[in-house]
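The chain contents come next:
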Amino acid sequence: MTFRVSSLLSCSAILMLVMRFTAAAQSAPAPTSSAPPVSETGLPYRPSLDITAMDKSVDPCVDFYEYSCGGWKKSNPVPPDRTSWGRYAQLYEDNLALLRSILERAASARQRDAVDQKIGDLYGSCMDEATVNRRAASPIQQQLEAVAGAKSMRALAPVLARLQMEDLNGELMFGPGSIQDPDNSDQQIAAVDQGGLGLPDRDYYTNDDTKSKENRARYVEYVQKIFGMLGDSPAAAKANAEAVMHIEMALAKSSQTRTDRRDPYKIVHKMSRTDLAALTPNFDWDSYWKALNPPPFPIVNVLSPDFMKQLNTTLAAESLENWENYLRFHIANIHAQYLSSDFETAHFEFYEKYLRGAQQQLPRWKRCVQLVDRGLGEALGQAYVRQVFSPELKASTLKMVEGIEKAMELRINQLDWMSPTTKQQAITKLHAIRNKIGYPDRWRDYSSVVIKPDDFAGNIRNTTVFEARRQLNKIGVPVDRGEWLITPPTVDAYYNPQVNDINFPAGVLQPPLYDAKMDDAPNYGDTGGTIGHELTHAFDDEGSQFDAKGNLKNWWTPEDQKKFEERTKCVDDQYSQYVSVDDIHLNGKLTLGENVADLGGEILAYIAWKDANKDKKLEPADGLSPEQRFFVGFAQWDCANERPEQLREWAMTNPHSPAKYRINGVVVNMPEFAGAFSCKKGQPMVSEKVCKVW
Ligand SMILES: [Zn+2]
């Protein structure tokens, strides 16, 4: 399962959430036999520069990624229950094991505080597989009956509102929620976004190649299977599955593409409630809003009006029966992972095994840990932080962040393509950035969430409704700038231009990514590069559209914009050449923002590293010069193996390039790298045309 952002709006609507890595939370394998020593935090110790992970038989000037990660790749095949496997994922896996021990303690302890009761009982109810199996599909009976009881399309609207509160992915027709007002970054307004699809992206419906056609056929078979499990006859299940596909096809064709949604202006369409009703007259908004019960609001941002128009047409074009079947399937699909093992397995077989290439389902305990992290993340996070994130670690990582910001200021002042006016604005924005390190200053209050030891599906529903309600209740209230969009154990980081902050949770500041035992060189190459990556997002084509306070207000002059585009074109062309799998090339435009950030981040990290050590004499170690250690440390952040099916999906959906190109694509553009390894012009790791943006 893919990590989702905590919002009712679909993931890509949070385009502002630009992470260095988004797939870590996907799934995880069993620890390998050669387990590393356990450190004092309870996590295994893996050094940030691991000589055994390298393959020194490879010439670093020919394939630096293979040179740095070849050893790791050979001894770390993709585990059967994963679709990709890398050092981020490895740390994620280590974290899971640690969280498991915290949760098992909380589940069985006699004396518990309120936080331990909730996380312990949610985990315990998830692990109680016998009860979950005995209940079969009964946890969704009430929802299915509510749909069946609606005798008209109009009567379906309030039912839909209640169902949507139990779904954070916008899979039921569309997604309601709240969003920061693009014109006033201190306020939140209501939002309605496209959604309603069961396949991972609209392109799965619109692409015409053989594989896409096969994907659709297999999806229809899966939908049919679910209908069969809900009690439909084989003939009815088949007809109903085709009707679902017919509806989704219409919705997909009018959905915005991912590339479009990277443009924040394309997802701003503020209108009154009356305008929205006029856009979709076939939907009974009055009874819908009444049932959804958001705080009062005059304005709603309809992110994708074309989609809503099409929804209106499809509402009239399809029979009530077809719509009810559509909802029946999606209710079962959304909850499949919390029902008996037949539902869970069917869901896994299609989404993880067929679409993404996983061979085995994750062990139940791992799925249960993930669910607690997703549902009660800031409760579980408190226990995690106590164990792994000391004040010293917070201080040293904060110092690194400040060093990278200083390097950014230096680079901005040196840029030959940016005008003095724009530079001024950039510096103002840089100084306004809020650095959030480790965990939130104020923990989320889950006291209203009811968690029982023996009601897994009910517990999941309660945490989902809590989150959905939390998002809706933001409408009309000031933005909480202290809020985190990911949980403390998450192995990831992000910059959010809407509030102009960078966020590094405790989970990403652990070895092998940040290694307090190791010298600065690999740490700056790795974590320093990640900080730099996130930071450049504040100033790139996305960041330039948001001012220092996070308002959607472009602060670049048109000339600067043109010059930036000229420079990034070089990166677009470079990555468009790369082949991801078989004959599939990377989408240079979809990955552009991340590729530019990868390159800029590493340049900043290099400057900051040199500056932090300017008074020290750096010594070689393990046969590598300090400069070489910086670059190997960088490459090893992303040692990875990926299944071809996964690469295929990512080529369409992932704004990040595959691991190999996130490393080689950067070093070819850095003369500092060529210098460190004495690479010559004409060698593969020395670009003929060096791209440089930051
Ligand atoms: Zn990024």
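Predicted, not measured: the structure shown is a model, and the values here were computed from it.

Trainee: Explain the overall build of the protein chain to me, please; I cannot follow it from the model alone.
Mentor: On a plain count of helices and strands, the protein chain comes out with 26 helices and 12 strands. Across the 694 residues that make up the protein chain, the buried fraction comes to 62%. For the protein chain, the exposed surface amounts to about 26100 Å²; the carbon and sulfur share of it is 52%. Averaged over its 79 positive side-chain charges, the protein chain has a centre that lies 1 Å from the centre of its 92 negative ones.

Trainee: Even after reading the chapter, I still don't get the nonpolar core, so can you show me in this structure?
Mentor: In globular proteins that are soluble, nonpolar side chains generally tend to be buried together. Core analysis: the largest hydrophobic core is formed by 124 residues, its most contacted members being Phe64, Phe539, Phe631, Phe677 and Trp694. If one sorts the elements of this core by residue count, helix H16 (residues 364–388) sits on top with 12 residues. Residue contacts for tryptophan 694: discarding those within four places in its chain leaves Met408, Arg411, Leu415, Trp417, Met418, Thr536, Phe539, Asp540, Phe564, Val596, Gly600 and Ile603. If you look at the next biggest cluster of nonpolar residues, it comprises 68 residues, including Met308, Tyr326, Ala332 and Leu355.

Trainee: Would you mind showing me how to read the pairing of strand S4 (residues 184–194) here?
Mentor: Within a regular strand, side chains alternate between the sheet's two faces. When you tally the buried positions in S4, you get eight out of 11 residues, the bulk of the element. Summarising the sheet, strand S3 (residues 174–181) and S4 pair through eight bridges and their orientation is antiparallel. Bridge pairing in S4 links glycine 175 to aspartate 193. As paired elements, S4 and strand S6 (residues 299–302) share three bridges and run parallel to each other. Considered in S6, the bridge of alanine 190 is made with valine 300.

Trainee: Teacher, can you tell me more about the coordination of the zinc ion here?
Mentor: Geometry sets the ideal angles at a metal, namely 109.5 degrees for four tetrahedral donors and 90 or 180 degrees for six octahedral donors. Protein-derived ligands of the zinc ion are His533 (NE2), His537 (NE2) and Glu594 (OE), with the metal-ligand distances lying across 1.9 to 2.1 Å. Mapped onto the polypeptide sequence, the residues donating to the zinc ion form the spacing pattern H-x3-H-x56-E. On the criterion of sequence distance, the pair formed by histidine 533 in helix H20 (residues 520–536) and glutamate 594 in helix H22 (residues 592–612) is long-range, its members being 61 residues apart. Residue class for histidine 533 comes out buried when judged on its relative accessible area of 0%.

Trainee: Help me understand the pattern of salt bridges, please; the structure alone is not making it clear to me.
Mentor: Side-chain pairs of opposite charge can arise where the charged atoms are in close proximity. Taken as a whole and judged by the stated rule, the model has 44 salt bridges. Between aspartate 94 and arginine 46 there is a salt bridge; the shortest N-O distance is 2.8 Å. In this pair, aspartate 94 sits in helix H2 (residues 87–108) while arginine 46 sits in the loop between strand S1 (18–19) and helix H1 (64–75), placing the two residues 48 residues apart along the sequence. According to the relative accessible area criterion, aspartate 94 is buried, its value standing at 8%. With a shortest N-O distance of 3.8 Å, aspartate 480 and arginine 442 are connected by a salt bridge. Taken together, the residues aspartate 480 in the loop between helix H19 (456–472) and strand S8 (494–496) and arginine 442 in the loop between strand S7 (434–438) and H19 connect sequence positions 38 residues apart. A relative accessible area of 35% means that aspartate 480 is categorised as partly exposed.

Trainee: It is not clear to me how unusual backbone geometry should be interpreted in this structure. Could you clarify?
Mentor: In most cases, non-glycine residues show a negative phi, while peptide bonds are predominantly trans. Note the cis peptide between proline 511 and proline 512, where omega equals 10 degrees. Looking at the element boundaries, proline 512 is found in the loop between strand S9 (501–505) and H20. If you check the backbone angles, aspartate 582 has positive phi at about 50 degrees while not being a glycine. With a relative accessible area of 59%, aspartate 582 lands in the exposed category.

Trainee: Sorry if this is basic, but what is going on with helix H21 (residues 558–576) here?
Mentor: Quick reminder: α-helices carry 3.6 residues per turn. Residues three or four places apart thus point the same way. Between its first and last C-alpha atoms H21 spans 26 Å; for 19 residues at 1.5 Å apiece the expected length is 27 Å, and the two agree. The largest bend in H21 is about 25 degrees, located at threonine 568. Those residues of H21 that sit buried are Asp560, Phe564, Thr568, Cys570, Val571, Asp572, Gln574 and Tyr575.

Trainee: Looking at this structure, how should I read the state of the cysteines?
Mentor: Chemically, a disulfide is nothing more than a covalent bond linking the sulfur atoms of two cysteines. Enumeration over the complete set of coordinates arrives at four disulfides. Here cysteine 61 connects covalently by a disulfide to cysteine 679, the sulfurs 2.1 Å from one another. Disulfide cysteine 61 to cysteine 679: torsion about the S-S bond roughly -85 degrees, handedness left-handed. Taken together, the residues cysteine 61 in the loop between S1 and H1 and cysteine 679 in the segment after helix H26 (671–677) connect sequence positions 618 residues apart. Judged by relative accessible area, which is 4%, cysteine 61 ranks as buried. Here cysteine 69 is linked by a disulfide to cysteine 639, with a sulfur-sulfur distance of 2.1 Å. Between cysteine 69 and cysteine 639 the disulfide shows an S-S torsion of about -75 degrees. By sign, it is left-handed. Placement of the pair is cysteine 69 in helix H1 and cysteine 639 in the loop between helix H23 (626–635) and strand S12 (640–642), with a sequence separation of 570 residues.

Trainee: Could you clarify how one ought to interpret the packing of aromatic side chains in this entry?
Mentor: Here a ring pair, both rings aromatic, is described through the centre-centre distance and the interplanar angle of the planes. For the structure shown, the criterion picks out 44 aromatic pairs. A ring pair is formed by tryptophan 285 and tryptophan 289, whose centres lie 5.4 Å apart and whose planes are at 25 degrees; its orientation type is stacked. Residue tryptophan 285 and its partner tryptophan 289 are both found in helix H12 (residues 285–292); the two are separated by four residues, about one turn of the helix. Judged by its relative accessible area of 4%, tryptophan 285 falls in the buried class. Relative accessible area serves as the criterion here: at 7%, tryptophan 289 is assigned to the buried category. Where tyrosine 606 meets phenylalanine 630, the ring centres are 5.1 Å apart and the plane angle is 90 degrees; that geometry is what we call edge-to-face.

Trainee: What am I meant to see in the side chain of glutamate 344 here?
Mentor: Mapped onto the fold, glutamate 344 is located in helix H15 (residues 341–355). What makes glutamate 344 buried here is its relative accessible area of 7%.

Trainee: Just to check I follow, could you spell out the sheet that holds S4 for this structure?
Mentor: Strand pairing in a sheet relies on backbone hydrogen bonds. The paired strands run either parallel or antiparallel. The mixed open sheet is built from four strands, whose spatial order is S3-S4-S6-S5. The sheet terminates laterally at S3 and strand S5 (270–272), the two strands that pair on one side only. Shown here is a sheet whose adjacent strand axes are inclined to one another by a mean of 40 degrees, direction ignored. Across the sheet, helix H13 (residues 305–317) is in contact with S3, S4 and S6; its angle to S3 comes to roughly 155 degrees.

Trainee: Can you help me understand the packing of H22 against H23 in this one?
Mentor: Two numbers describe a pair of packed helices, the interaxial angle and the distance between the axes. For the pair H22 and H23, the least separation of the axes is 12 Å and the interaxial angle reads 140 degrees. The handedness of the crossing between H22 and H23 is right-handed. Of the residues in H23, those touching H22 at Glu602, Ala605, Tyr606, Trp609 and Lys610 are Pro626, Glu627, Phe630, Phe631 and Phe634. Split by residue class, the contact of H22 with H23 holds seven nonpolar, no polar and three charged.

Rules of the game
- Residues numbered from 1 in each chain as written.
- Predicted model: local features only at pLDDT ≥ 70, side-chain atom pairs only at ≥ 80, totals over all residues.
- Heavy atoms only, no water.
- Helix = DSSP H or I, 4+ residues; strand = E, 2+ residues; numbered from the N terminus.
- Buried < 20%, exposed > 50% of the residue type's maximum accessible area, 1.4 Å probe, protein only.
- Areas by Shrake-Rupley, 256 points an atom, 1.4 Å probe, with all protein chains shown as cover.
- Lys, Arg positive; Asp, Glu negative; His and termini not counted.
- Charge placed at Lys NZ, Arg CZ, Asp CG, Glu CD.
- Core = buried A, V, L, I, M, F, W, Y, C linked by side-chain atoms within 4.5 Å.
- Contact = heavy atoms within 4.5 Å.
- Pairing = 2+ DSSP bridges.
- Donors = N, O, S within 2.8 Å, 3.2 Å for Na, K, Ca; no water.
- Salt bridge = Lys/Arg side-chain N within 4 Å of Asp/Glu carboxyl O.
- Expected span 1.5 Å × (residues − 1).
- Bend = angle between axes of the 7 residues up to and from the residue.
- Disulfide = S-S within 2.5 Å.
- Phe/Tyr/Trp six-rings, centres within 6.5 Å; stacked < 30°, edge-to-face > 60°.
- Axes fitted to C-alpha atoms, helices over the stretch in contact; angles between N-to-C directions.
- Left-handed = near helix turned anticlockwise from the far one by under 90°.
- Nonpolar A, V, L, I, M, F, W, Y, C, P; charged D, E, K, R; others polar.

Any link to function would need more than the numbers given here.
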